[in-house]
Amino acid sequence: MLLIGVNRSPYTRRVAITLKAYGVIFEQRDLSGFANRAEVHASNPLGRIPALVLDSTLIDSGAIVDHLDEAYGGNQPLTPDAGTDRRAVLKVAALMMGACDKGLQAAYTRNHTPAEKIHQPWIDDCNAQVMNALAAVDAMVDPAQPYLLLGRLTQADVTAFVAERLARGIGLDTEARTPWLRALTRKLLEEPPFRSTEP
Ligand SMILES: N[C@@H](CCC(=O)N[C@@H](CS)C(=O)NCC(=O)O)C(=O)O
């Protein structure tokens, strides 16, 4: 099994953490969507990471972790199979992946737009959306609990972890603005699937 993508990408790291949490042995090719476009294109016509090469190639982190849940999740997949638990985990995952999308839009605007064309209010709006999503999850953290939901590791923790990491990477002060979430991600980083995927 081959994971295409760099763990600097929150979507790729989400998949890498999930693979490790399930104890799956895999190889990883550290390709970036922008710097290695042609090579990435061979696995994903859209030119984006991550891709997971199996008998056929899976693309998009959501579809990949869905497959991993089915193949390796047994009776406790990281996203529960059904019911209110499933919807609660999916809601956090949607918030956190949406936060990653907005954070990257802000970063792409800064990095891929000529300076004179950068529209700062757009960047500020993207960053505000990131922080609002993180604040919603920050409010869900119970410091007495090791994980966000269900008393066990779920895809809610994995996605919150990568989104908070991205937010810090683009200069947002999660320490001050979402301290409970920041404390949770510090705790998660002590666990091997999180620590061993640090870029
Ligand atoms: N919805 C996708 C998003 C993947 C994505 O945007 N990946 C970024 C890297 S962080 C990428 O490859 N960007 C290159 C591009 O969009 O051209 C997922 O969850 O996998």
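Values in this document were obtained by computation on a predicted structure and should not be read as measured data.

Conventions we followed
Residues numbered from 1 in each chain as written. Predicted model: local features only at pLDDT ≥ 70, side-chain atom pairs only at ≥ 80, totals over all residues. Heavy atoms only, no water. Near = heavy atom within 4 Å. Polar contact = N/O pair within 3.5 Å; in protein donor to acceptor, adjacent residues only side chain to side chain. Areas by Shrake-Rupley, 256 points an atom, 1.4 Å probe, with all protein chains shown as cover. 1 Å grid on protein atoms, 1.4 Å probe; cavity = no way out; pocket = protein on both sides within 12 Å on 5 of 7 lines; lining within 4 Å. Sits in = over half its atoms within 2 Å of the grid points. Nonpolar A, V, L, I, M, F, W, Y, C, P; charged D, E, K, R; others polar. Domains from an automatic or database assignment. Contact = heavy atoms within 4.5 Å. Buried area = accessible area lost by both parts, 1.4 Å probe. Points joined across faces, edges and corners; volume = space filled by probe spheres on them. Helix = DSSP H or I, 4+ residues; strand = E, 2+ residues; numbered from the N terminus. Pairing = 2+ DSSP bridges. Axes fitted to C-alpha atoms, helices over the stretch in contact; angles between N-to-C directions. Expected span 1.5 Å × (residues − 1). Buried < 20%, exposed > 50% of the residue type's maximum accessible area, 1.4 Å probe, protein only. Arc of directions from axis to C-beta.

Caption draft 1: Representation of the site of the ligand. Taken together, Ser9, Tyr11, Gly33, Phe34, Arg37, Arg48, Ile49, Pro50, Asp60, Ser61, Leu104 and Tyr108 make up the full set of residues adjacent to the ligand. Take Ile49: an N or O atom from its main chain is 2.8 Å from a nitrogen atom of the ligand. Relative to its unbound accessible area of 510 Å², the ligand is 84% covered by the protein chains. Placement of the ligand is best described as lying within the largest pocket. Of the residues that constitute the shell around the ligand, the class distribution is six nonpolar, three polar and three charged.

Caption draft 2: Expanded view of the domain arrangement of the protein chain. Here the protein chain is partitioned into domain 1 (2-72) and domain 2 (83-195). A C-alpha centroid distance of 20 Å is found between domain 1 and domain 2. Taken together, the contact pairs eleven residues of domain 1 with 18 residues of domain 2. A buried area of about 1,200 Å², summed over both sides, lies between domain 1 and domain 2, and 68% of it is on carbon and sulfur atoms.

Caption draft 3: A look at the layout of surface pockets. Its volume calculated, the largest pocket comes out at about 1,000 Å³. As for the largest pocket, its lining consists of 36 residues, of which Ser9, Pro10, Tyr11, Leu104 and Tyr108 are closest to the centre. Going through the elements one at a time, helix H1 (10-21), helix H3 (61-72), helix H4 (83-112) and helix H6 (155-169) are the ones with two or more residues in the lining of the largest pocket. The element contributing the most residues to the lining of the largest pocket is H4, with eight residues. Grouping the amino acids of the lining of the largest pocket by side-chain chemistry returns 16 nonpolar, twelve polar and eight charged. There is about 180 Å³ of room inside the second largest pocket. Elements with a minimum of two residues in the lining of the second largest pocket: H3 and H4. Here the lining of the second largest pocket is built from residues that sort into five nonpolar, three polar and six charged. Per-domain counts for the lining of the second largest pocket show at least three residues from each of domain 1 (2-72) and domain 2 (83-195).

Caption draft 4: Structural context of the sheet that holds strand S1 (residues 2-4). The four strands lie next to each other as S2-S1-S3-S4, forming an open sheet whose pairing is mixed. With one partner strand each, in any of the chains shown, strand S2 (27-29) and strand S4 (57-59) form the two edges of the open sheet. Strand-to-strand twist across the sheet, computed as the mean angle between neighbouring axes with direction ignored, equals 20°. In this sheet, S2 lies alongside S1 in parallel orientation, the contact comprising three bridges. When the sheet's bridge partners are listed, Ile4 is paired in S2 with Arg29. H3 rests against strand S3 (51-53) and S4 of the sheet, and its axis sits at about 125° to S4.

Caption draft 5: View of helix H5 (residues 120-138). Over its 19 residues, H5 extends 26 Å from the first C-alpha to the last, a length consistent with the 27 Å expected when each residue adds 1.5 Å. Among all positions of H5, only Ile123, Cys126, Asn127, Val130, Met131, Ala133, Leu134, Val137 and Asp138 are buried. Angular distribution of buried residues about the axis of H5 spans 160°; they occupy a single face of the element. For H5, the elements touching its buried residues are H4, H6, helix H7 (174-177) and helix H8 (179-188).

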